[in-house]
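Chains, contacts and geometry: an overview
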Amino acid sequence: APTGVAQNLRYRIEAGDARSREFAVNVVAAPTITVERIEYDYPAYTGFADHSSSGLGDIRAIEGTRVTIHARANEQIDEAAVDFEADGRRDIVMHIEGQQARAPFVLALRDDRQTPKFTSYVLRFTTADGRKNSDPVKFAIDVLPDFEPEVAILAPREKLRDVRLDETVAIEVSASDPDFALAEVRLEGDVAGRKVLDKQLLAGEHTGRFAGRFLFTPREHQLQAGDVVRYRATARDNRQPSIAPTISDE
């Protein structure tokens, strides 16, 4: 059975010899807006080449990537916005040029470093004559995390070790970044909150696994008999903006 009207028409109502006046039905296209392409501007430290994806509204990229949505409507646009999570709020006002609209934003994660800040979006717009797209298509947002570096103290293996003031202990540290590069590895130590050791083992970008070694002699750090040194290794990757370094077990 017919479910609607696909073209303009005129109609009247008849009942026996009675006829109503004629009425007109003008069919107009429903306001729609489609994503034409999405531009990806990756963080410089990743080394990824910027690119664009056409015909796909879903977004997937590493955190920190600046994405720009380019969209086109079937009518002149009066205003348009990006609505994250499709909750009815106009989170980002889009730049309008006739029937085209665009909006940039940066992909981010929540504090758990796993969940995207926003997991989906829709585009909402109003035509020049005041009509709105009432049922916009929802697109997914997938944000890939930049994984934290890994760092460990390989030697000495003992959690607690007694040493003489003039004895030298070799402290060996291993670190790596699972996806990009290390930027710094440090060895730090303190006695009752007073820093007595702060040695930079790596300065500058390093890909793959890094192995560092430091010869520690208590007397050279003005330690006294009975002092207890708590030491740790820290590693920072080349992510920008930088986050807190990864710390090994003390």
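Residues numbered from 1 in each chain as written. Predicted model: local features only at pLDDT ≥ 70, side-chain atom pairs only at ≥ 80, totals over all residues. Heavy atoms only, no water.

Regarding the sheet that holds strand S5 (residues 33-41)
On the basis of which strands lie adjacent, the open sheet formed by five strands has the order S6-S5-S8-S12-S11 and antiparallel pairing. The open sheet terminates on both sides in strands that have one partner only, identified here as strand S6 (51-54) and strand S11 (95-97). Averaged over all pairs of adjacent strands, the angle between their axes in this sheet comes to 20°, without regard to strand direction. Bridge analysis of S11 against strand S12 (residues 100-106) gives three bridges, and the strand direction is antiparallel. Bridged to Ile 96 within S12 is Ala 101. (Pairing = 2+ DSSP bridges. Helix = DSSP H or I, 4+ residues; strand = E, 2+ residues; numbered from the N terminus. Axes fitted to C-alpha atoms, helices over the stretch in contact; angles between N-to-C directions.)

Remarks on the packing of aromatic side chains
Going through the model one piece at a time under the given rule, you end up with eight aromatic pairs. Plain terms: the ring middles of Tyr 42 and Phe 48 are 5.5 Å apart, the flat faces sit at 85° to each other, and that makes the pair edge-to-face. Given a relative accessible area of 14%, Tyr 42 falls into the buried group. Relative to Phe 105, the ring of Phe 84 has its centre 5.1 Å away and its plane inclined at 80°; by these criteria the two rings are edge-to-face. With a gap of 21 residues between them, Phe 84 in strand S9 (residues 77-84) and Phe 105 in strand S12 connect regions that are remote in the sequence. According to the relative accessible area criterion, Phe 84 is buried, its value standing at 4%. Cluster of aromatic residues (ring-pair linked, three or more members): Tyr 40, Tyr 42, Tyr 45, Phe 48 and Phe 180. (Phe/Tyr/Trp six-rings, centres within 6.5 Å; stacked < 30°, edge-to-face > 60°. Buried < 20%, exposed > 50% of the residue type's maximum accessible area, 1.4 Å probe, protein only.)

A look at the pattern of salt bridges
Applying the stated criterion to the full structure yields 24 salt bridges. A salt bridge links Asp 87 to Arg 89, with the nearest nitrogen and oxygen atoms 2.9 Å apart. Residue classification places Asp 87 among the partly exposed residues on the basis of a relative accessible area of 39%. (Salt bridge = Lys/Arg side-chain N within 4 Å of Asp/Glu carboxyl O.)

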